[in-house]
Amino acid sequence: MSRLIIVSNRVNPPNPAEGGEGSVGGLAMALAAALREYSGIWFGWSGKTVPEFTGQLNMQRIEGVTVATVDLEETDYQEYYNGYANKTLWPLFHYRVDLTAYDRSFGEGYDRVNKRFAETLLPLIEPDDVVWVHDYHLIPLARELRRMGVTNRIGFFLHIPWPAHQLVVTLPRHRQLVEALFDYDLIGFQTVESLEAFEGYVFSEVQGSKTAAGELVAFGRRARAAAFPIGVDAQDFAEILKGEAAMKVYDRMMAHSVFRKMVVGVDRLDYSKGLEERLIGFERFLADHPDLRREVMLLQIAPLSRDQVEAYQDLRARLDGLIGRINGAYAEMDFTPIRYVNRSYRRDELAGVYRASKAALVTPLRDGMNLVAKEYVAAQDPEDPGVLILSRFAGAARQMKDALIVNPNSPEEISDALERALSMDVAERKRRWEALFDNVNREDVTAWRDDFVAALRARPGPGEAGADVPKAPVKSLDVAAKALRAGPEATAVRA
Ligand code: ADQ
């Protein structure tokens, strides 16, 4: 079986030195498991900056996964990561045109870093390898690799929404961005809605078409585009709940919420997650239901994210003010309605928190999928499950129809859903949870990963019928790269 090369902006397999599997997300674990299975490589940015880009490749072997990282220079970090990725594509793709920065230097930095990534990765690619590129940071990576003669199958998965046509065209050079996607053999989206929005752009903006076999044709090239809804490792969640860390947190949270029902929110501190709207909805609930005030508390866990970007600093300040106002108005001497924490927790600790919560508020204004919604369901007690309140604008809402679906912009809908969730009888909670769990368990992260990789492998290879232009063989690899493949434990080898 050919090797799998995964490319993502950051690389984070479970590392025993940093707390092992409990310390990383389910996605990282699933990708690491795929790499162990297909004996591949995980390539990306080290997270470090250096005064000048050197292209020095750092190879490490972590728990059976070969990891290759490269440092970026400070300007790269500012223009590519803080700039084009986090100030341009992220807000625009989450429908926040008001926060989108259209700065030419960001676009140049984005292209430059993608080229640098391609140059650094090139010597690691063997002729049979399948390359899987992740997320909006790296859309032009395949274009750069193709320019260097790479003919391997390359797939791309977008973790965030693909926005409506009218939003995409606000982006200067939107055409180049979409054209770059046609250098992939397979383009994966979270939902059919994103897929249709992408197809809509291709058909009406660049007069593309679809073949009878379902391939998209545009820019003189063809690619397959499809929806692959990402999932969580539901079985693993059930397992980690039996562990000591999860049990301890569960017991602590239960002891803390005696006589009260705990509602939980877990999100990176990001404007796409609808945190302000959620808090205003909770405030409405407290105002609407004086009789229930002392019976409910909201635990909002929101680790800081991208805190060098101004929009995130502003959001943080607004949240601090809002929570202070609500707690000031509704707290009693022995009771505070909102508990707010800005730190990260281990996966097993989070599992304990989910299980102790009678309801979860997952109310993003836009979200590619939202794994918290699925993790919450996976962590429930089948005999006494909590209720998921889910935004209609999360990709997950398409699969999780048995949640209480709300419009996150409406404080009344959030308030009503809370009231309904907290008074729901156990028979209805079980019925809803069983349907939700069935889906979360079936369409899990392994199914997602295997479906994508199988679809990518099924694409015609170089020279096969249905392939695009005949592709040249991969350039011969230099000595250093060969040495790397022979001994991945080697560190700091110059590519
Ligand atoms: P995110 O925007 O990060 O992901 P989400 O899908 O909810 O959003 O995933 C967040 C992950 O971080 C979850 O696994 C959660 O457990 C974890 N997490 C959140 N708060 C934490 C905390 N305090 N401590 C530890 N862990 C915490 C992007 C897209 C989503 C898409 C995913 C996967 O924006 O739409 O679902 O990628 O494709």
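Note that this is a predicted model, so its numbers are computed, not measured.

(A) Structural context of the site of the ligand. The ligand sits among 21 residues. The nearest are His-159, Tyr-345, Asp-367, Leu-371 and Glu-375. In this structure, an oxygen atom belonging to the ligand sits 3.0 Å away from a main-chain N or O atom of Gly-368. Take Met-369: an N or O atom from its main chain is 2.8 Å from an oxygen atom of the ligand. Taking 720 Å² as the accessible area of the ligand by itself, protein coverage stands at 85%. For the shell around the ligand, the secondary structure elements donating two or more residues are α12 (347-356) and α13 (371-378). Ranked by residue count, the leading element in the shell around the ligand is α13, at three residues.

(B) View of the domain arrangement of the chain. Taken domain by domain, the chain holds domain 1 (4-231 + 445-491) and domain 2 (234-441). A straight line from the C-alpha centre of domain 1 to that of domain 2 covers 32 Å. Counting residues at the interface gives 29 residues for domain 1, matched by 22 residues for domain 2. Carbon and sulfur atoms make up 59% of the area that domain 1 and domain 2 hide from each other, which totals about 2,000 Å². On inspection of domain 1 and its partner domain 2, the count reaches zero salt bridges. Where domain 1 packs against domain 2, one counts five residue pairs in polar contact (both at pLDDT 80 or more). When residues of the side of domain 1 that touches domain 2 are traced back to their parent elements, those giving at least two are α1 (26-38), α2 (74-93) and α7 (192-205). Tallying contributions element by element places α2 first for the side of domain 1 that touches domain 2, with seven residues. Class assignment of the residues belonging to the side of domain 1 that touches domain 2 gives a composition of 13 nonpolar, 12 polar and four charged.

Basis of the calculations
- Residues numbered from 1 in each chain as written.
- Predicted model: local features only at pLDDT ≥ 70, side-chain atom pairs only at ≥ 80, totals over all residues.
- Heavy atoms only, no water.
- Near = heavy atom within 4 Å.
- Polar contact = N/O pair within 3.5 Å; in protein donor to acceptor, adjacent residues only side chain to side chain.
- Areas by Shrake-Rupley, 256 points an atom, 1.4 Å probe, with all protein chains shown as cover.
- Helix = DSSP H or I, 4+ residues; strand = E, 2+ residues; numbered from the N terminus.
- Domains from an automatic or database assignment.
- Contact = heavy atoms within 4.5 Å.
- Buried area = accessible area lost by both parts, 1.4 Å probe.
- Salt bridge = Lys/Arg side-chain N within 4 Å of Asp/Glu carboxyl O.
- Nonpolar A, V, L, I, M, F, W, Y, C, P; charged D, E, K, R; others polar.

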